[in-house]
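Results of the structural survey
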Amino acid sequence: VLLPAGLLYVAAGWFYRVPIPVQPLKAFGAIAIAQGLGADVIAAGALLMAAVFLPLGVSGLLDRAAAVFPKPLVRGVQLSVGLLLVRLAWGLVTEPPRQFADAGTPTLLLVAAGLVAAGAAYLWRARGITVALVGLAVVWMLVRRPDLPLSFGPTDLRVRIPAAADVATAAVVLVVPQLPLTFANSCIATADAARGYFGSAAARVSAGRLAVSLGLGNVVAGLLGGMPVCHGAGGLTAHRSFGARTGRAPMLLGGVLVVLALAGGAMTARALTGFPVWILAALLAVAGLLHIQLLRDLTGRRQWLFALGVGLVGALANLAVALGIGLVGWWLVEATLRRRSGASPS
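Here goes a summary of the coordinates provided. Here the residue numbering is sequential within each chain, running from 1 through the sequence in written order. Two thresholds apply to this predicted model, a pLDDT of at least 70 for residue-level local features and 80 or more for giving and counting side-chain atom pairs, whereas whole-chain, interface and lining totals are computed over all residues. To obtain the side-chain values, all non-hydrogen atoms of the structure were used and water was disregarded.

The element helix H10 (residues 233-241) is extensively covered by neighbouring structure, given that seven of its nine residues are classed as buried. Here H10 has its buried residues at Ala233, Gly234, Gly235, Leu236, Thr237, Ala238 and Ser241. Throughout, a residue-residue contact means that at least one pair of heavy atoms, one from each residue, lies within 4.5 Å. Helix and strand labels come from DSSP, where a helix needs a run of H or I of at least four residues and a strand needs a run of E of at least two; each type is numbered from the N terminus. Looking at the packing, one finds that the buried side of H10 touches strand E1 (23-24), helix H5 (71-94), helix H8 (164-198) and helix H13 (277-292). Backbone geometry just downstream of H10 places Gly243 in the positive-phi region, at approximately 115°. Any residue under 20% of the maximum accessible area for its type is buried, any over 50% is exposed, and the rest in between are partly exposed; the area is computed with a 1.4 Å probe on protein chains only.

What follows is the structure, encoded as structure tokens:
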């Protein structure tokens, strides 16, 4: 999980020069957990994602496809991601994953602690509050896991070549549900957010280039049996909101992940289960709320209607369906308005 993400963070920071995020493929993770899929199927899915997005990015097809999506639909995708982050944060404090040390803590206490931490992170995010929260989380983690085994070195590293059956399963079960989310959020919405946040400094960021870099990251993840990776507009908002401004931030973060992966191995995995879920939830919630604020540049009833429709349907049901309906609806309305405008007297 940590090594492919760390390597892609270093590469993305060096190339894009702004804090482009790296994150796991969310639909992949949810489906793999729900269906109990093994590491070989997940590795096959990562290689298939690379096989899809590398040609789309290199050929320029993805950039041309991105031009079809108007700003309100992009804002709808970003609203959907923001709402999902807030919902994920709420789920962490109301139903913590059972492998975490906080799983037995009373829900009311976790919710109260999470709200306090989220309020502090939102109000004082420009004053380094996240450094204090993460420092507290590390101390908390070590206190909750005093029995950590002192084992150094990476977990088993070997090249994985998936079997044909694993490829077939991954294509149907993992890749097809993930494609719309990766196309919309990892490529189009991330490129849009980067331009909005960093202007000319994000000149290297485009939907097509993001497709290439996530594709290369998934080649590494697939061959090593790691977690498939992508970029994401929500992660970009989080990095910027908590102080990152250049590519040096993701390069530093990536370096830390690589060291943890190669030096900590299984010890790191066990230590992370002691990370306080209320701090994790607080940071996710703040990132989600700030991401929703990207909608502030919308104007007019039609833009808001389409953005809210895509965002709410995407968060509550299915983003691919929301995007498809929104795209068809937007261009039908656009064609109707143009036809009326051309038919009216000068």
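Before going further, it helps to examine empty space enclosed by the protein. Buriedness for pockets is judged along seven lines, at least five of which must meet protein on both sides within 12 Å for an open set on the 1 Å grid over protein atoms alone, while cavities are sets there where a 1.4 Å probe fits but cannot get out, and lining residues have an atom within 4 Å of a point. Grid points are joined across faces, edges and corners, and a volume is the space filled by probe spheres set on the points. Following the criterion strictly, the structure yields one cavity of 30 Å³ or more and no others. In this model, the largest cavity occupies a volume close to 30 Å³. Gln23, Lys26, Gln178, Leu181, Asn185, Ser186 and Cys230 are the residues that line the largest cavity. It is H8 that contributes the most residues to the lining of the largest cavity, four residues altogether. In this classification, the charged set is Asp, Glu, Lys and Arg, the nonpolar set is Ala, Val, Leu, Ile, Met, Phe, Trp, Tyr, Cys and Pro, and all remaining amino acids, among them Gly, are polar. A per-class count over the lining of the largest cavity returns two nonpolar, four polar and one charged.

Glancing now at the environment of Gly36. Relative to the assigned elements, Gly36 resides in the loop between helix H2 (26-35) and helix H3 (39-59). Residues Gly36 and Leu88, spaced 52 residues apart in sequence, show a C-alpha to C-alpha distance of 21 Å.

Attention now moves to the nonpolar core. What is meant by a nonpolar core is a set of buried Ala, Val, Leu, Ile, Met, Phe, Trp, Tyr and Cys residues, joined one to another through side-chain atoms within 4.5 Å. With 51 residues, the main nonpolar core has Ile20, Phe53 and Val205 as its most contacted residues. In terms of residue count, H8 provides more of this core than any other element does, 14 residues in total. If we skip the residues at most four places from it in the chain, Ile20 touches Tyr9, Ala12, Thr190, Ala194, Val205, Leu210, His231, Leu236, His239 and Pro250. Residues Val93, Ala282, Leu283 and Ala285 belong to the second largest nonpolar core, which totals 25 residues.

Take helix H14 (residues 300-316) next. With 17 residues, H14 extends 24 Å between its outermost C-alpha atoms, agreeing within 8% with the 24 Å of an ideal straight helix rising 1.5 Å per residue. Looking only at H14, the buried set comprises Gln303, Phe306, Ala307, Val310, Gly311, Gly314 and Ala315. End-on view of H14: buried residues confined to an arc of 145°, all on one side of the axis. The exposed residues of H14 that point more than 90 degrees off its buried face are Arg301, Leu305 and Leu316. Expected helix span is taken as 1.5 Å per residue step, with the number of steps being one fewer than the number of residues. The directions from the helix axis to the C-beta atoms are what the arc is built from.

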